[in-house]
Amino acid sequence: MSQALDIHKLLKSVVAYKSSDLHLVSRSEPQIRIDGRLVALNLPVLDGKQIEEMAYSLLTEKQKKAFEEHNELDFSIVIPDVGRFRANYYKTMDEIACAFRIIPVIIPSLDDLNAKKIFKELIKREKGLILVTGPTGSGKSTTLAAMLNEVNLNEARHIITVEDPVEFVHSNKKSLFSQRNVGTDTASFAAALKFALRQDPDVILIGEMRDRETITAALTAAETGHLVFGTLHTNSAPSTINRIIDVFSGDEQPQVRAQLSTSLVAVISQALLPKIGGGRIAAQEVMITNPAISNLIREDKVHQIYSQMQLNQTSTGMTTQTQELVEFLRKKLVSKDTAIQYSNKPDELIRIIESM
């Protein structure tokens, strides 16, 4: 049997076990991630040569050259009758290793995700910056795909996505999609954003706001009448705002705070927690910029935002992660240990648990 068939069989196992990821690393058997936990498949230990043969069977000549030049490669691939995957190839101890993540072909709706009502309100905005944040594997891409899907179902808009690589592939319903891969369709996130403003977009998705140039372009687009979605690897709204500001030098920060205070619409910070009995559930903290929060951003009082998020939540639509976790505990969806492990304010959560 050819190695090419082997990699297809391994990727089929990701689907069969309802797992999210497949890892191929030398001196280990193939491992998959089920409900957030790594599980070794009952297969022989792989060596670097075997992994290289399987990995290279999926690449074009151009991709092989790019990987050999940089020792890193991101791409997406469709395996017929299996599914769509995001892949990352890298080197470890001078041998190739691979991480594959399955991307659902059917894009979920906000209702499928049991998303909060406020999400449907946010996507109706004409302009501004909406950030979905969290660690790798927290479901940011899925949440964003569902939000764009909601726009697609209800609004006639031109939606440009810039990703590395493109993950969810949208079909045009009411909206028109232009989906761009960094590396093949455009040189960089910053370059794509620079030219996006000349492509008559209504909505722009930035796969990752990873540098000063990209963040600057995103803020400009949000200020100039576009609805911009982006992601960051931060775990709360205040840390997200601080991360953006800290990318800039001290003398630039007052200007960036001023821009953020007027253009930032919302920060959704999420984590995926293993549920009691199997499966995972998203804990989402939601900050919506109101006049008070806008003022705190402008005046460099980001540390006071958390207390603002706790006020008048019925009318604002805001919620803290601690409140989400307490609700999960009351409904017996997650264990206490899990809730504390994933909490961004464990001391606060423990105090509430002890009083329950």
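Now for a look at the structure at hand. Every value quoted in this text rests on a predicted model; they were computed, and no experiment measured them.

Calculation criteria
Residues numbered from 1 in each chain as written. Predicted model: local features only at pLDDT ≥ 70, side-chain atom pairs only at ≥ 80, totals over all residues. Heavy atoms only, no water. Helix = DSSP H or I, 4+ residues; strand = E, 2+ residues; numbered from the N terminus. Rg over C-alpha atoms; globule rule 2.2 N^0.38 Å. Buried < 20%, exposed > 50% of the residue type's maximum accessible area, 1.4 Å probe, protein only. Contact = heavy atoms within 4.5 Å. Areas by Shrake-Rupley, 256 points an atom, 1.4 Å probe, with all protein chains shown as cover. Axes fitted to C-alpha atoms, helices over the stretch in contact; angles between N-to-C directions. Parallel < 35°, antiparallel > 145°, perpendicular 65-115°, else oblique. Left-handed = near helix turned anticlockwise from the far one by under 90°. Nonpolar A, V, L, I, M, F, W, Y, C, P; charged D, E, K, R; others polar. Arc of directions from axis to C-beta. Core = buried A, V, L, I, M, F, W, Y, C linked by side-chain atoms within 4.5 Å. Pairing = 2+ DSSP bridges. Polar contact = N/O pair within 3.5 Å; in protein donor to acceptor, adjacent residues only side chain to side chain. Salt bridge = Lys/Arg side-chain N within 4 Å of Asp/Glu carboxyl O.

### A look at the overall build of the chain
Phase 1: When you go through the chain residue by residue, the secondary structure sums to 15 helices and 13 strands.
Phase 2: Against the compact-globule benchmark of 21 Å for 356 residues, the chain has a radius of gyration of 21 Å, which places it among compact chains.
Phase 3: Along the first, second and third principal axes, the C-alpha set of the chain runs to 65 × 55 × 40 Å.
Phase 4: Going through the 356 residues of the chain one by one, you find that 48% of them count as buried.
Phase 5: For the chain, restricting intrachain contacts to residue pairs at least 6 apart in sequence, the fraction spanning at least 24 positions comes to 56%.
Phase 6: Of the accessible surface of the chain, which amounts to about 17,100 Å², a share of 49% is contributed by carbon and sulfur atoms.

### Considering the packing of helix 7 (residues 212–223) against helix 9 (residues 253–263)
Phase 1: Between helix 7 and helix 9, the least distance of the axes is 10 Å, while the angle of their chain directions is 45 degrees. Considering their axes alone, helix 7 and helix 9 lie oblique with respect to each other. For the crossing formed where helix 7 meets helix 9, the hand is left-handed. Contacts from Leu219, Ala222 and Glu223 in helix 7 reach Val256, Gln259, Leu260, Thr262 and Ser263 in helix 9.
Phase 2: Residues of the contact of helix 7 with helix 9, tallied by class, amount to four nonpolar, three polar and one charged.

### A closer look at helix 15 (residues 346–355)
Phase 1: Of the residues making up helix 15, those classed as buried are Glu348, Leu349 and Ile353. Buried residues of helix 15, seen end-on, are gathered within an arc of 135 degrees and therefore sit on one face of the element. Away from the buried face of helix 15 by more than 90 degrees, exposed residues Asp347, Arg351, Glu354 and Ser355 are located.
Phase 2: Residues of helix 15 that are buried make contact with helix 11 (305–309), helix 13 (321–330) and helix 14 (336–342).

### Here we look at the packing of helix 9 against helix 10 (residues 291–298)
Phase 1: In contact at an axis separation of 8 Å, helix 9 and helix 10 are set at 170 degrees when each is read in the N-to-C sense. With respect to helix 10, the axis of helix 9 lies roughly antiparallel. On helix 10, the residues touching Arg257, Leu260, Ser261 and Thr262 of helix 9 are Ser294, Ile297 and Arg298.

### Concerning the nonpolar core
Phase 1: Membership of the largest hydrophobic core comes to 60 residues, with the highest contact counts inside it found for Met147, Phe229 and Met287.
Phase 2: Counting 27 residues, the second largest nonpolar core, distinct from the first, contains Leu11, Leu22, Phe67 and Phe100.

### Some thoughts on the sheet that holds strand 9 (residues 176–181)
Phase 1: On the basis of which strands lie adjacent, the open sheet formed by seven strands has the order 9-8-10-11-7-12-13 and mixed pairing. Either end of the sheet is taken by a strand with one partner, and the two such strands are strand 9 and strand 13 (280–288). Pairs of neighbouring strands in the sheet enclose a mean axial angle of 15 degrees, with direction left out of account.
Phase 2: Pairing between strand 10 (residues 203–206) and strand 11 (residues 227–232): four bridges, direction parallel. Across the sheet, the residue bridging to Ile204 is Val228, located in strand 11.
Phase 3: Together, strand 7 (128–133), strand 8 (158–163), strand 9, strand 10, strand 11, strand 12 (264–274) and strand 13 form the strand contacts of helix 5 (residues 140–154), whose direction differs from that of strand 11 by roughly 170 degrees.

### A short note on the side chain of Gln284
Phase 1: Relative to the helices and strands, Gln284 is located in strand 13.
Phase 2: Separated by 2.9 Å, the side chains of Gln284 and Gln270 make a polar contact.
Phase 3: Setting aside residues no more than four positions away along its own chain, Gln284 makes contact with Lys116, Phe119, Thr143, Ile268, Ser269, Gln270, Thr319 and Glu324.

### Some details on the pattern of salt bridges
Phase 1: Under the counting rule described, the total for this entry stands at 15 salt bridges.
Phase 2: With its nearest N and O atoms 3.8 Å apart, the salt bridge here joins Lys124 to Glu121.
Phase 3: Lys124 sits in the partly exposed class, given a relative accessible area of 48%.
Phase 4: Under the relative-accessibility criterion, Glu121 is labelled partly exposed at 47%.
Phase 5: Residues Glu299 and Lys301 are paired through a salt bridge, measuring 3.4 Å at the closest nitrogen-oxygen approach.
Phase 6: Residue classification places Glu299 among the partly exposed residues on the basis of a relative accessible area of 41%.
Phase 7: In this structure, a network of salt bridges that share partners links the residues Glu126, Glu155 and Arg157.

Distances and angles like these do not, on their own, reveal function.
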